[in-house]
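# Structural characterization, general
Spelled out from the first residue to the last, the chains are:
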Amino acid sequence: NKADKVTVLRPGSDPAFALGLANIIIQEKLYDAEFVKGHTDLPLLVRSDTLKFLRPQDIIADYKPKELKNTQLLKEGEKSPANIKQVRQVVTEKLRNEWGDFVAFNLDNNAVEVVSRDDSGVSKNFALDGEFTVKTLEGQEVKVRPVFDLMKEHTSYFTPEVTSDICHVDKESILWLAREIANNKSKTLVPVGM
């Protein structure tokens, strides 16, 4: 009684419904590409041979992680400053080294580029689609793809027809909701556990 429109899903089918919505948003290019490139992990490259992120140390000899300017690193045993005194993200050196850096493909120079946490929020002309070949330090040529490209492939199976069949929902409701979400950027709330 509080909504203009209601879509009731078959219980347990919400993941398929979400993938169906994502498929429409991706296929109709209703996403904000600049935001995706600068604020998500979707441009990062994934190796086809291991399905793990391509890491700089896979392709650059003696690679050392970039120095982070927007993160305060704590040495082992060092205490974090009080919350009120923290002006940057605070992490241990051990955790920072565990994260490491990543790699994306820059379309401006048609080459791979190392990406660190400091690059978050900086939108570069990173590829979201395509397959590229990199040469590893072992001399192996490996195909890599951006996370977005893999997600695009995975969601493509969740067409409105397939999603409708899985979720027992009218196809038009799926199309309508995906487009509403895309047209109301930063205004959609997806509460869980209700």
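Values in this document were obtained by computation on a predicted structure and should not be read as measured data.

## Side note on the pattern of salt bridges
If you walk through the whole model with that rule in mind, you get 10 salt bridges. Glu93 is the partner of Lys75 in a salt bridge, and the nearest nitrogen-oxygen pair spans 3.1 Å. Here Glu93 lies in helix H4 (residues 93-99) and Lys75 lies in the loop between strand S2 (71-74) and strand S3 (89-92), a separation of 18 residues in the sequence. Taken together, the shared-partner salt bridges connect Arg47, Asp49 and Asp58 into one network.

## Looking at the side chain of Asp118
Structurally, the position occupied by Asp118 is in the loop between strand S5 (111-115) and strand S6 (132-135). Within the buried core, Asp118 has no salt-bridge partner, and the shortest N-O distance to an opposite charge, that of Lys69, equals 5.7 Å. At 2.5 Å, the side chain of Asp118 and the backbone nitrogen of Lys69 are in polar contact. At 3.1 Å, the side chain of Asp118 forms a polar contact with the backbone nitrogen of Asn70. Apart from the residues within four sequence positions on either side, Asp118 is in contact with Glu67, Leu68, Lys69, Asn70 and Thr71.

## Describing unusual backbone geometry
The residue Lys29 is not glycine, and still its phi comes out positive at about 55 degrees. Residue placement: Lys29 occurs in the loop between helix H1 (14-27) and helix H2 (33-39). Residue class for Lys29 comes out exposed when judged on its relative accessible area of 57%.

## A short note on the packing of aromatic side chains
Any two aromatic rings considered together are summarised by their centre-to-centre distance and by the angle between their planes. Tallying each qualifying case throughout the model produces 3 aromatic pairs. Seen from their ring centres, Tyr31 and Phe148 are 5.0 Å apart, and the 55 degrees between their planes marks the pair as tilted. On the criterion of sequence distance, the pair formed by Tyr31 in the loop between H1 and H2 and Phe148 in helix H5 (residues 147-155) is long-range, its members being 117 residues apart. Between Arg117 and the ring centre of Trp99, over which it is positioned, the NZ or CZ distance is 3.8 Å.

## A word on H5
Looking only at H5, the buried set comprises Val147, Phe148, Asp149 and Thr155. Where the residues of H5 are buried, they touch H1, H2, strand S1 (45-47) and strand S7 (141-146).

## With respect to the pairing of strand S4 (residues 102-106)
A large share of S4 lies buried, amounting to 5 of its 5 residues. Relative to S5, S4 runs antiparallel, the two sharing 5 bridges. From the neighbouring strand, Val103 faces S5, where its bridge partner is Val114.

## Looking at the sheet that holds S6
In spatial order, the strands read S1-S7-S6; together these 3 strands make up an open sheet with antiparallel pairing. The open sheet has two edge strands with one neighbour each: S1 and S6. On average, each strand axis in the sheet is tilted by 45 degrees relative to the strand beside it, whichever way the strands run. Two elements, S6 and S7, share 4 bridges in a ladder whose sense is antiparallel. Residue pairing across strands places Val134 opposite Val142, the latter belonging to S7. Along the sheet face, H5 touches S1 and S7 and points at about 70 degrees away from the line of S7.

How each quantity is defined
- Residues numbered from 1 in each chain as written.
- Predicted model: local features only at pLDDT ≥ 70, side-chain atom pairs only at ≥ 80, totals over all residues.
- Heavy atoms only, no water.
- Salt bridge = Lys/Arg side-chain N within 4 Å of Asp/Glu carboxyl O.
- Helix = DSSP H or I, 4+ residues; strand = E, 2+ residues; numbered from the N terminus.
- Buried < 20%, exposed > 50% of the residue type's maximum accessible area, 1.4 Å probe, protein only.
- Lys, Arg positive; Asp, Glu negative; His and termini not counted.
- Polar contact = N/O pair within 3.5 Å; in protein donor to acceptor, adjacent residues only side chain to side chain.
- Contact = heavy atoms within 4.5 Å.
- Phe/Tyr/Trp six-rings, centres within 6.5 Å; stacked < 30°, edge-to-face > 60°.
- Lys NZ or Arg CZ within 6 Å of the ring centre and 35° of its normal.
- Pairing = 2+ DSSP bridges.
- Axes fitted to C-alpha atoms, helices over the stretch in contact; angles between N-to-C directions.

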